[in-house]
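Here are the chains, one letter per residue:
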Amino acid sequence: MNPMSLAQQQRKEEQQQLQEECERLRELVRVLKGGGSISGSLEGVGAFQSPQEVAELKKQVESAELKNQRLKEVFQTKIQEFRKVCYTLTGYQIDITTENQYRLSSIYAEHQGDCLLFKASSSSGGKMQLLETEFSRTIRELIELHLLRQDSIPAFLSALTLDLFSRQTIA
């Protein structure tokens, strides 16, 4: 598995666990504020009843929420860093347009609207299909050779990058 995907998955799981913990603690604080007793459904947290314990639980909730917020910020920063590195290394900015659909814009595109659209056949992204765009109609030869005959998206994107690069350096 890709190390970035693994890290993202771990962050999602940790974030989910923290959110669940926050919800449990919020429920506990709400019950205690209302003067109610703690039910057995709160995973055996049975003996909290003093104001000090309520205050401690509030601190725990605030701490968990702060940690959750920090994780979100770090995760967003890492996503942006990863996107920039991918753009620099591959020459393509990749954006998710809709579920299972991705727009690729080349660093060497002649026009801002020149982009490719790919649709994943499943959420795992195992098989990708190029969707027709105005730009893709102008590169039929590359599509024919690399996608239809050779069945290679990486070769297609590499050939397209070299073609667009040569157009910029010649002009």
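Residues numbered from 1 in each chain as written. Predicted model: local features only at pLDDT ≥ 70, side-chain atom pairs only at ≥ 80, totals over all residues. Heavy atoms only, no water.

**Quick notes on the nonpolar core**
Among the nonpolar cores identified, the biggest contains 15 residues, and Leu116, Phe118, Leu130, Ile139, Phe156, Leu157 and Leu160 are the most heavily contacted of them. When contributions to this core are tallied by element, the ones reaching two or more residues are strand E3 (116-120), helix H3 (140-149) and helix H4 (153-170). It is H4 that provides the largest number of residues to this core, a total of 5 residues. The residues contacting Leu157, other than those within four sequence positions of it, are Tyr92, Leu104, Leu116 and Phe118. One finds Leu25, Val29, Leu32 and Leu57 within the second-largest nonpolar core, a separate group that totals 7 residues. (Core = buried A, V, L, I, M, F, W, Y, C linked by side-chain atoms within 4.5 Å. Buried < 20%, exposed > 50% of the residue type's maximum accessible area, 1.4 Å probe, protein only. Helix = DSSP H or I, 4+ residues; strand = E, 2+ residues; numbered from the N terminus. Contact = heavy atoms within 4.5 Å.)

**Points about the environment of Leu147**
Inspection of the secondary structure puts Leu147 in helix H3. Along the primary structure Leu147 and Leu130 are separated by 17 residues, whereas in three dimensions their C-alpha atoms are 8.7 Å apart.

**Structural notes on the pairing of strand E1 (residues 92-98)**
As paired strands, E1 and strand E2 (residues 101-106) are joined by 6 bridges and run antiparallel to one another. Within E2, the residue paired with Asp95 across the bridge is Arg103. Hairpin connection between E1 and E2: a loop of 2 residues separates the two successive antiparallel strands, and Asn100 in this loop has a positive phi of roughly 65°. (Pairing = 2+ DSSP bridges.)

**A word on the environment of Ala120**
Take Ala120: it is sitting in strand E3. For Ala120, a relative accessible area of 3% translates into the label buried. Along the sequence, Ala120 and Tyr102 sit 18 residues apart, while their C-alpha atoms lie 8.1 Å from each other.

**Thoughts on the sheet that holds E1**
Taken in spatial order, the 4 strands line up as E1-E2-E3-E4 in an open sheet, and their pairing is antiparallel. The open sheet terminates on both sides in strands that have one partner only, identified here as E1 and strand E4 (128-131). Each adjacent strand pair in this sheet contributes to an overall mean axis angle of 30°, direction not counted. Alignment of E3 against E4, held across 4 bridges, turns out to be antiparallel. Looking across to E4, one finds that Ala120 is bridged to Met128. The strands touched by helix H2 (residues 51-90) within the sheet are E1 and E2, with E1 carrying the most contacts at an inclination of about 125°. (Axes fitted to C-alpha atoms, helices over the stretch in contact; angles between N-to-C directions.)

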